[in-house]
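Survey of secondary and tertiary structure
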Amino acid sequence: MAGIYDRLEVDEDVRRQLQQPSRIHEAAIPVRMDDGSLRVFNGWRIQYDQSRGPGKGGIRFHPDVDADEVATLSFWMVLKCAVVNLPFGGAKGGVQVDPKSLSRLELERLSRGYIRAFYDVIGPDRDIPAPDVNTNETVMGWMADEYAEITRMKVPAIITGKPPGMGGSAGRAAATGRGALYVLDAWAERKGKNPEDLTIAVQGFGNAGYHFARLAQESGYRIVALSDSQGAIHADQGLDPEPIWRHKNETRELKGMVYCESSVCTENDVDQISKDDLLALDVDVLVLAALENAITADNVDKVRAGAILEIANGPVTSEADKHLNEKNITVLPDVLANAGGVIVSYLEWVQNRTGDYWSESYINERLADQLVGQAQLCFDRAEEEKVDYRVAAYLQSVERIASALASRGTQRYFNGD
Ligand code: NAD
């Protein structure tokens with residue numbers, strides 16, 4: 001970030017303030033397993049910076065979660081909320097667990113245990129969690145319910161991404177994928193490209209990747225490849241994400257890339273390829289919607305796509321990013337491209353606090369206004385300052401955070417400079 005701070009000539013206070021998280025909460029979460037045994041899981045809630053508002057950020061359940069990862073993700077949330085101008089700071093949570101190894105009851109106990117561990121450090125004016133990898137609206141519902149049990153109050157604004165019956169917002173489930181599509185549309189229009197002429201490969205056919213692929217296909221883009229953690233499929237003539245997703249959910253079986261057993265795949269002559277081969281396809285847009293570090297110094301040379309759309313957080317390492325720049329491959333950065341989820345989370349929080357609930361079409365309109373408006377500012381800045389979109393997004397973001405910090409007085413102010 002040093003280059004960004006230098007370019008903006010931010011006060012030394014800003015660098016110091018953003019150097020580390022403001023609060024790191026850690027807990028051992030005991031869970032009674034179905035066989036009667038007790039397991040204890042490591043969990044975190046990290047609040048990085050709250051100078052622009054209460055903390056905001058998802059909760060991840062994954063075996064590789066640790067304090068460093070949660071801290072990094074919480075910093076990206078600070079940047080993301082500021083890039084799209086939401087009145088939030090950044091936070092993130094995580095539990096080191098393989099949720100696929102738990103029964104539904106065990107998962108419920110763990111979700112409730114997470115809230116028992118952290119209920120006193122979160123709150124609608126303090127820090128508002130949301131879903132992330134391997135957590136969904138059911139988990140958010142259990143968590144909101146546990147908070148209500150502990151506090152003896154119905155406080156829907158405590159958490160976003162809840163089921164609609166518990167105060168969840170219309171449009172939240174698809175918001176990240178939809179937002180990414182709005183950002184891609186805005187960029188394509190600026191570059192004079194038609195969706196019908198663009199081919200797309202999607203790494204990570206999960207919640208965000210599925211909604212993106214479905215909506216992009218409806219808008220005329222051609223989805224030629226999809227992958228998940230087990231493998232990938234490819235069809236030059238285009239894939240239909242909707243039935244593939246249904247099939248994946250019905251069978252729950254990912255081994256050996258079961259997509260190809262569905263009638264859609266047989267009809268379409270789909271090739272099975274490796275998940276690494278998907279990253280090397282010659283497509284117009286490579287969408288990264290899985291996890292961090294998908295493109296690294298080791299595989300960046302294989303990338304042949306014209307542009308990368310980052311739906312995952314941190315899917316390109318900084319070293320790989322430099323190579324992509326040298327190769328003139330456009331990157332639509334995560335803090336902008338995946339901000340649709342946090343924008344609709346913000347709208348859910350507003351609805352919960354006012355008790356006034358809106359239609360999905362109104363929410364999608366507000367999402368488009370906020371995200372496309374901020375994306376255009378970022379694209380303009382990139383052109384004016386001749387920097388890539390990631391640098392432009394960071395400049396937009398840090399400028400706003402610096403301004404919030406400066407409102408409280410900085411070294412320059414107190415020295416009378
Ligand atoms: P998810 O768990 O629903 O989906 C992730 C998908 O990636 C799964 O299908 C998994 O099988 C696949 N995957 C994992 N490793 C892979 C690999 N090596 N190759 C190909 N596929 C692989 O999670 P999600 O909610 O869709 O989130 C995906 C990414 O988007 C994460 O980085 C998350 O932080 C980010 N994100 C999500 C949201 C949201 O609202 N869901 C918001 C902002 C950012």
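Anyway, here's the lowdown on the structure attached to this text. All residue numbers here refer to positions counted from 1 along the written sequence of the relevant chain. The model is predicted, so local features are restricted to residues of pLDDT at least 70 and side-chain atom pairs to those at 80 or more, both for listing and for counting; the totals for chains, interfaces and linings are taken over all residues. Side-chain measures here rest on the full set of heavy atoms in the structure, leaving out hydrogens and waters.

Here a Phe, Tyr or Trp ring, Trp counted by its six-membered ring, pairs with any other such ring whose centre lies within 6.5 Å, and the pair is stacked when the planes are under 30 degrees apart, edge-to-face when over 60, and tilted otherwise. Applying the stated criterion across every chain, the model contains eleven aromatic pairs. A ring pair is formed by Tyr 48 and Phe 75, whose centres lie 5.0 Å apart and whose planes are at 50°; its orientation type is tilted. Here Phe 75 lies in helix H3 (residues 67-83) and Tyr 48 lies in strand E2 (residues 38-49), a separation of 27 residues in the sequence. Residue Tyr 48 shares its accessibility class with Phe 75, and that shared class is buried. Consider the rings of Phe 205 and Trp 245, whose centres lie 5.3 Å apart with planes at 85°: the pair is edge-to-face. In this text, helices come from DSSP runs of H or I with a minimum length of four residues, and strands from runs of E with a minimum of two, each type numbered from the N-terminal end. Summary of the burial criterion: residues with accessible area below 20% of their type's maximum are buried, those above 50% are exposed, and those between are partly exposed, where the area comes from a 1.4 Å probe applied to protein chains only.

In this section: the site of the ligand. Residues in close proximity to the ligand total 24 residues, the closest being Asp 132, Thr 176, Asn 207, Ala 208 and Asn 313. Here Thr 176 contributes a side-chain N or O atom positioned 2.6 Å from an oxygen atom of the ligand. Polar contact criterion, stated in full: a pair of N or O atoms within 3.5 Å, where within protein one must be able to donate a hydrogen and the other to accept it, and residues adjacent in sequence count only if both atoms are side-chain atoms. A distance of 3.5 Å separates an oxygen atom of the ligand from a polar atom in the backbone of Ile 311. Every accessible area reported is derived by Shrake-Rupley at a probe size of 1.4 Å, with residue values counting cover from the shown protein chains alone. Considered on its own, the ligand offers 830 Å² of accessible surface; in the complex 85% of this is hidden by protein. Secondary-structure elements contributing two or more residues to the shell around the ligand are helix H7 (207-218) and strand E7 (222-228). Along the lines of polarity and charge, the residues of the shell around the ligand split into seven nonpolar, ten polar and seven charged. Residues are classed as near a molecule or strand on a simple rule: at least one heavy atom within 4 Å of it. Gly is put with the polar residues, along with every residue not named as nonpolar or charged; the nonpolar set is Ala, Val, Leu, Ile, Met, Phe, Trp, Tyr, Cys and Pro, and the charged set is Asp, Glu, Lys and Arg.

Two elements, strand E1 (residues 23-32) and E2, share ten bridges in a ladder whose sense is antiparallel. Counted as the bridge partner of Pro 30 is Val 40 from E2. Where E1 folds back onto E2 in an antiparallel hairpin, the turn is made up of five residues, including Gly 36, whose phi is positive at roughly 95°. One requirement defines pairing of two strands: DSSP has to find at least two bridges between them. When E2 meets strand E4 (residues 90-96), the two strands line up antiparallel, connected through six bridges. Within E4, the residue paired with Gln 47 across the bridge is Ala 91.

The next point concerns unusual backbone geometry. One non-glycine residue, Asn 134, lies in positive phi territory at about 65°. Among the structural elements, Asn 134 can be located in the loop between strand E5 (127-131) and helix H5 (137-151).

Our next topic: the side chain of Ser 74. On the secondary structure map, Ser 74 appears in helix H3. Its relative accessible area of 0% is what places Ser 74 among the buried residues. Among the polar contacts made by the side chain of Ser 74, one reaches the main-chain carbonyl oxygen of Ala 71 at a distance of 2.7 Å. By definition in these notes, contact holds between two residues if any of their heavy atoms fall within 4.5 Å. In this structure Ser 74 touches Ile 46, Tyr 48, Gly 90, Ala 91 and Lys 92, once residues within four positions along its chain are discounted.

Together, Glu 196, Asp 197, Asp 282 and Asp 284 line one region of the surface with negative charge. Looking at the secondary structure, you find Asp 197 in the loop between helix H6 (175-190) and strand E6 (199-203). The class for Asp 197 is exposed, based on a relative accessible area of 55%. Patch building starts from residues that exceed 30% relative accessible area and form no salt bridge, then joins like charges within 9 Å and nonpolar side chains (Val, Leu, Ile, Met, Phe, Trp, Tyr) within 5 Å. For this document, the term salt bridge refers to a Lys or Arg side-chain nitrogen within 4 Å of an Asp or Glu carboxyl oxygen. The charge count includes Lys and Arg as positive and Asp and Glu as negative, but it does not include His or the ends of the chains. By convention, the charge on Lys lies at NZ, on Arg at CZ, on Asp at CG and on Glu at CD.

Another aspect to go through is the pattern of salt bridges. For the structure shown, the criterion picks out 25 salt bridges. One salt bridge connects Asp 145 with Arg 112, and the closest N-O pair in it is separated by 2.9 Å. Here Arg 112 lies in helix H4 (residues 104-118) and Asp 145 lies in helix H5, a separation of 33 residues in the sequence. We classify Asp 145 as partly exposed; its relative accessible area is 23%. Between Arg 390 and Glu 310 there is a salt bridge, and its shortest N-O distance comes to 2.9 Å. Here the residue Arg 390 occupies a position in helix H15 (residues 389-406), and Glu 310 occupies one in strand E11 (residues 307-310), the gap between them amounting to 80 residues. Relative accessible area serves as the criterion here: at 1%, Glu 310 is assigned to the buried category. Here the salt bridges do not stand alone but share partners, grouping Arg 60, Glu 69, Lys 92, Asp 132 and Glu 292 into one network.

In this section: the packing of H6 against helix H14 (residues 360-385). At their nearest, the axes of H6 and H14 sit 9 Å apart, and the two run at 45° to each other. Classified by the angle between their axes, H6 and H14 sit oblique to one another. Here the hand of the crossing between H6 and H14 comes out right-handed. Contacts from Ala 175, Arg 178, Gly 179, Tyr 182, Val 183, Ala 186, Trp 187 and Arg 190 of H6 reach H14 at Glu 360, Asn 364, Leu 367, Ala 368, Leu 371, Val 372, Gln 376, Phe 379, Asp 380 and Glu 383. Angles here are taken between N-to-C directions and fall from 0 to 180 degrees, while the axes themselves are lines fitted to C-alpha atoms, restricted in helices to the stretch in contact. By the definition adopted for this analysis, an angle is roughly parallel if under 35 degrees, roughly antiparallel if over 145, roughly perpendicular if from 65 to 115, and oblique otherwise. Here a crossing is called left-handed whenever its near helix is offset anticlockwise from the far helix by less than a right angle, and right-handed whenever the offset is clockwise.

Another aspect to go through is the packing of H14 against H15. Interhelical geometry of H14 versus H15 gives an angle of 115° and a closest axis separation of 8 Å. The pairing of H14 with H15 is recorded here as roughly perpendicular in orientation. Once H14 is placed against H15, the crossing between them reads as right-handed. Together, Gln 374, Leu 377, Cys 378, Phe 379, Arg 381, Ala 382 and Glu 385 of H14 and Tyr 389, Ala 392, Ala 393, Leu 395, Gln 396, Glu 399 and Arg 400 of H15 make up the contact between the two elements. A class-by-class count of the residues in the contact of H14 with H15 yields eight nonpolar, two polar and four charged.

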